[in-house]
Structure formats: structure tokens, C-alpha cells
Amino acid sequence: MSRRAAEAEIAKGNFTVNGITATVGDKVDPECDVVMYNGKTVEYKNSGDDPRRSTYIVLNKPIGYVTTMSDEQGRKTVRDLLSDVGKRVYPVGRLDMYSDGLLICTNDGDLTNKITHPSHSIPKKYLATLTSHLTDENIRDLAVPFELEGYMLRPFEVELIEYTKTSAGDSTVVQFTLHEGRNREIRNICTHHGYKLTRLTRISVGEITLDGLASGKWRHLTEEEIEYLKSI
């Protein structure tokens, strides 16, 4: 089950560790502790290498994939792209179905909580294509925080990348640097200013980048990248 679903089941008292009702945050040693869910033992399966060793990857998510491991509507999910990882990993944060780019995935729950917790302002960079010719003044205005749904947005940066021309007219590519992970934040910012967003691509999370990774492909994080995330 997903981490969120597991936490809900723990909160209901449906998990025990060595006969004691578990609470969220409990740690277990799968070699010697007995974990039970609704009266059934949760088996620990050794796959040959140490299954307790966490896996860390970066995926270049294409447009059209939902950032979940399953979908009730039958849509394509990032799980379809991770079938050859060899271990079950989960997305850290989200990219909406119509956005693409960098998505970190891991089975390290502590790191996931650290990266997604509001107290850790890890900068995330996105390329946004807008179907307007934005002036320098427009871009400055775009970078001014405002109150969204009763919440004052944290400061963020916007900078010009390039102007492009298509059959549909002029477009402007800008780079957003966000320091929080509010749902659909950039899309809501663009809508607030009356700009149409045609593409949104996440290109980095802190110092982690796609590094030439093709769309739909994944790679393992390097030891240096893992240490960097753990040190934030």
C-alpha cells in the first residue's frame, strides 16, 4: 500500500509490532521483530541483496503520466515507467499529469519526509512556456507573491530564458524557482496574471538535475547526490 494508506491503517490500530499496537514512526528490525496487519504476519522476503538498503532514483516523467503508483481511473502512472527498477519505490512529491520532468523516487521514508516537509525549503526549478510576449516589467510582476486561497505564497523567482515563435504566435519561456511545494502553484500563478501556460517542466530539485536523461527513462542517484539530499 502507499505510505499515506499505511499511516492511516497504523492510526486505526491495525498494525502491531511484537504484539504491541504500532504508532506512526515506530522502527522495526525485519530480521527479528514480528509485524502483523489485521492479525496476519507481514512476511519479510529476502531478494538476494540486502532488501533493507534503500533505492534512490531520478525519473524524467513524460506528460500524460499520473504521479501515483496506482490510479482508479486506469490512467498511466509512474509505476509503469519504474517496472524495471527491481524494488518498489515511491515518488517524492508530485508532478501533475500535464507536467513533465524531474521526479525523485525512493523507498527511504525518512528522506521522503525530509524533502517534502515544509520546514525544508529545497529550491525546485521549472521551465514554463507562456503563450504571450512578456516584457521585463511583466516578468517582474509575475514574481510578486500574492495571497492564493487564503495563503500568502512564499517568495519565488522568475527569470527570462528565451522568446520563441510558433504557428500559434509568440511565446515566452521563463524559469520559476520555487521554495515550497504547493499543489499547482505555477499554474495558479500564471492563471492569476492571465497567462496561458502550454508546458511546464521541472528541471532540478536542489542540486539534482536530469543530466541529459531522456523522457520516460530513469537513473540511480549517485552516492554524492544521495549524501547531498540527506545533508540538506
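J.: Could you give an account of the packing of helix α2 (residues 109–116) against helix α5 (residues 223–231), with specific residues and numbers?
T.: Contact geometry for α2 and α5: axes closest at 9 Å, N-to-C directions at 60°. Considering the angle they form, α2 stands oblique to α5. With respect to the hand of their crossing, α2 and α5 are arranged in left-handed fashion. On α5, the residues that touch L111, K114 and I115 of α2 are L229, K230 and S231.

J.: Now, about the nonpolar core: what can you tell me, with residues and values included?
T.: If you look at the biggest cluster of nonpolar residues, it comprises 22 residues, and the most contacted ones within it are L130, L142, V158, F176 and I186. Excluding residues that lie within four positions of it along the chain, V158 makes contacts with I139, L142, A143, V174, Q175 and F176. Formed by 16 residues, the second largest nonpolar core is a distinct cluster that contains V92, I104, I208 and L213.

J.: Give me the lowdown on the sheet that holds strand β1 (residues 15–17), citing residues and values where you can.
T.: Strand order in this open sheet of four strands is β2-β1-β3-β4, and the pairing throughout is antiparallel. Lying at the two open borders of the sheet, with one neighbouring strand each, are β2 (20–21) and β4 (40–41). Bridge analysis of β1 against strand β3 (residues 35–37) gives three bridges, and the strand direction is antiparallel. Counted as the bridge partner of T16 is M36 from β3.

J.: Mind laying out the packing of aromatic side chains, listing which residues take part and the relevant values?
T.: Aromatic rings in a pair are described by how distant their centres are and how their planes are angled relative to each other. Using the criterion set out here, one finds two aromatic pairs in the structure. Of note, R182 hangs over the ring of Y151, and the distance from its end group to the ring centre comes to 3.9 Å.

J.: How would you sum up unusual backbone geometry? Please name residues and give values.
T.: For residues besides glycine, phi is generally negative; the peptide bonds are generally trans as well. Backbone geometry places N18, a non-glycine residue, at a positive phi of 55°. Here N18 lies in the loop between β1 and β2. With a phi angle near 50°, D211 is a residue other than glycine that sits in the positive phi range. Position of D211 among the secondary structure elements: in the loop between β14 (208–209) and β15 (218–220).

J.: Explain the pattern of salt bridges residue by residue, including any values.
T.: Using the criterion set out here, one finds ten salt bridges in the structure. Close ionic contact of E9 with K12 constitutes a salt bridge, the shortest N to O distance being 3.4 Å. A relative accessible area of 60% places K12 in the exposed class. For D96, the salt bridge is made with R187, and the minimal N-O distance between the two is 2.8 Å.

J.: I'd love a proper account of the side chain of E185, names of residues and values included.
T.: Looking at the secondary structure, you find E185 in helix α4 (residues 185–193). Although E185 is buried, it makes no salt bridge; R182 carries the closest opposite charge, 5.5 Å away. Contacts of E185, omitting those with residues within four sequence positions, involve L153, F156, L178 and E180.

J.: Tell me about α4, and name the residues and values.
T.: Every α-helix winds through 3.6 residues per turn, so residues three or four apart in the chain are directed the same way. Turning to α4, its buried residues are E185, I186, R187, I189 and C190. Where α4 is buried, its residues touch β8 (124–130), α3 (136–142), β12 (169–178) and β13 (197–205). The positive-phi residue at the C-terminal boundary of α4 is G194, with phi of around 80°.

What counts and how
Residues numbered from 1 in each chain as written. Predicted model: local features only at pLDDT ≥ 70, side-chain atom pairs only at ≥ 80, totals over all residues. Heavy atoms only, no water. Axes fitted to C-alpha atoms, helices over the stretch in contact; angles between N-to-C directions. Helix = DSSP H or I, 4+ residues; strand = E, 2+ residues; numbered from the N terminus. Parallel < 35°, antiparallel > 145°, perpendicular 65-115°, else oblique. Left-handed = near helix turned anticlockwise from the far one by under 90°. Contact = heavy atoms within 4.5 Å. Core = buried A, V, L, I, M, F, W, Y, C linked by side-chain atoms within 4.5 Å. Buried < 20%, exposed > 50% of the residue type's maximum accessible area, 1.4 Å probe, protein only. Pairing = 2+ DSSP bridges. Phe/Tyr/Trp six-rings, centres within 6.5 Å; stacked < 30°, edge-to-face > 60°. Lys NZ or Arg CZ within 6 Å of the ring centre and 35° of its normal. Salt bridge = Lys/Arg side-chain N within 4 Å of Asp/Glu carboxyl O. Lys, Arg positive; Asp, Glu negative; His and termini not counted.

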